[in-house]
Amino acid sequence: MYKTLSKAFLILSLAMVQVVQGYAQDDVTTITLASPQAMPGDRTYLTSLLTNAGEVSVYHLQHWIEFPKDKLQYVSVRLGIAADLAKGVLTLELQEKPSSGQGMPEASSEDEALSAGEAMIAEGEAMIAAGEAILAGEAITSDDELTVLYLSIKGDQAFPDGPIVEVTFNVAHIEPQTIVFTHRLEAFDEQGEKISELVFSDGTLHVSLDMPDLPPAIFACLFYMH
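Computed from a predicted model, the values in this text were never measured in an experiment.

Parameters and conventions
Residues numbered from 1 in each chain as written. Predicted model: local features only at pLDDT ≥ 70, side-chain atom pairs only at ≥ 80, totals over all residues. Heavy atoms only, no water. Helix = DSSP H or I, 4+ residues; strand = E, 2+ residues; numbered from the N terminus. Buried < 20%, exposed > 50% of the residue type's maximum accessible area, 1.4 Å probe, protein only. Areas by Shrake-Rupley, 256 points an atom, 1.4 Å probe, with all protein chains shown as cover. Phe/Tyr/Trp six-rings, centres within 6.5 Å; stacked < 30°, edge-to-face > 60°. Lys NZ or Arg CZ within 6 Å of the ring centre and 35° of its normal. 1 Å grid on protein atoms, 1.4 Å probe; cavity = no way out; pocket = protein on both sides within 12 Å on 5 of 7 lines; lining within 4 Å. Points joined across faces, edges and corners; volume = space filled by probe spheres on them. Nonpolar A, V, L, I, M, F, W, Y, C, P; charged D, E, K, R; others polar. pLDDT = per-residue confidence, 0-100. Contact = heavy atoms within 4.5 Å.

Visitor: How would you explain the overall build of the protein if you had to name every residue and give the values?
Guide: Counting secondary structure elements, the protein contains four helices and 10 strands. When the helices and strands of the protein are read in sequence order from the N terminus, they spell out α-β-β-β-β-α-β-α-β-β-β-β-β-α. Considering the protein as a whole, with its 226 residues, one finds that 38% of them fall into the buried category. Total accessible area computed for the protein in this model is approximately 13,500 Å², and 54% of it derives from carbon and sulfur atoms.

What follows is the structure in structure tokens.
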């Protein structure tokens with residue numbers, strides 16, 4: 001079942017590349033993170049999709065993708081069609097990132113003591129704002145412990161348009177919500193020079209209790225499998 005859904009999502013991703021190409025601004029190299037809607041306890045996929053600019057050739061991509069480890073469990077990663085065609089080589093690394101809530105550092109001088117006092121005031125103001133938000137009925141989210149997934153994909157040839165890499169996650173049994181994949185990216189050309197004209201953004205995963213609709217491309221899976 002998971003393999004079938006994965007293949008269906010891959011075909012859907014290819015269709016999304018065509019849409020992205022239609023909206024590419026000024027022929028700028030674009031990387032999009034795409035993910036289907038998932039249910040709590042389900043398996044999901046995050047795919048990196050490349051749209052090339054007219055005169056720019058991408059030979060090397062480096063992703064840094066953050067995700068909450070208590071909500072998503074990393075399962076595996078594999079190269080997409082575009083990376084396979086370029087004979088890409090994948091390197092990955094998982095790193096733990098501490099939550100943003102850190103203890104107050106001790107002041108060792110008058111200036112540092114003043115900074116600590118200002119930080120304490122700012123913290124108090126933040127707590128007051130949080131309390132007001134609770135009274136107003138707004139949702140308050142706690143800091144999550146994050147895992148950083150580093151992905152390096154280097155090709156012997158330029159990457160064509162299409163899926164570069166696909167990451168598989170298991171979704172925890174959590175409440176419906178939207179999970180943000182904080183994303184940083186660097187791209188390089190054949191000479192190893194950094195590509196400055198680059199468009200990318202964070203990815204999002206919508207976790208819902210509603211069963212996601214299968215894409216129409218599901219019927220193309222038999223063709224893809226053969």
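Visitor: So what's going on with the packing of aromatic side chains? Residues and values would help.
Guide: As enumerated under the stated definition, the model contains three aromatic pairs in all. Look at W64 and Y150: their rings are 5.2 Å apart centre to centre, the planes differ by 45°, and that puts the pair in the tilted class. You can see W64 sitting in strand β3 (residues 60-68) and its partner Y150 sitting in strand β6 (residues 146-154), a full 86 residues away along the chain. Summarising the burial analysis for this pair, W64 and Y150 share the class buried. Looking at R184, its charged tip hangs above the ring of W64, at a distance of 3.8 Å from the centre.

Visitor: Give a description of the layout of surface pockets that names residues and reports values.
Guide: Computed from the structure, the second largest pocket encloses a volume of approximately 190 Å³. If you go around the second largest pocket, you meet 12 residues; those closest to its centre are P68, K71, D144, I179 and V180. Secondary structure elements with two or more residues in the lining of the second largest pocket: β3 and β8 (177-188). Among the elements that make up the lining of the second largest pocket, the one with the highest residue count is β8 (five residues). Grouping the amino acids of the lining of the second largest pocket by side-chain chemistry returns five nonpolar, four polar and three charged.

Visitor: How would you explain the confidence of the model for the protein if you had to name every residue and give the values?
Guide: When pLDDT is averaged across the protein, the result is 77; 62% of the residues are at 70 or more. Counting contacts from residues 101-116, a segment whose pLDDT is below 50, to residues more than four positions away or on other chains yields eight contacts. Low pLDDT, under 50, characterises residues 216-226; the predicted model gives this stretch 15 contacts beyond four residues in sequence or across chains.

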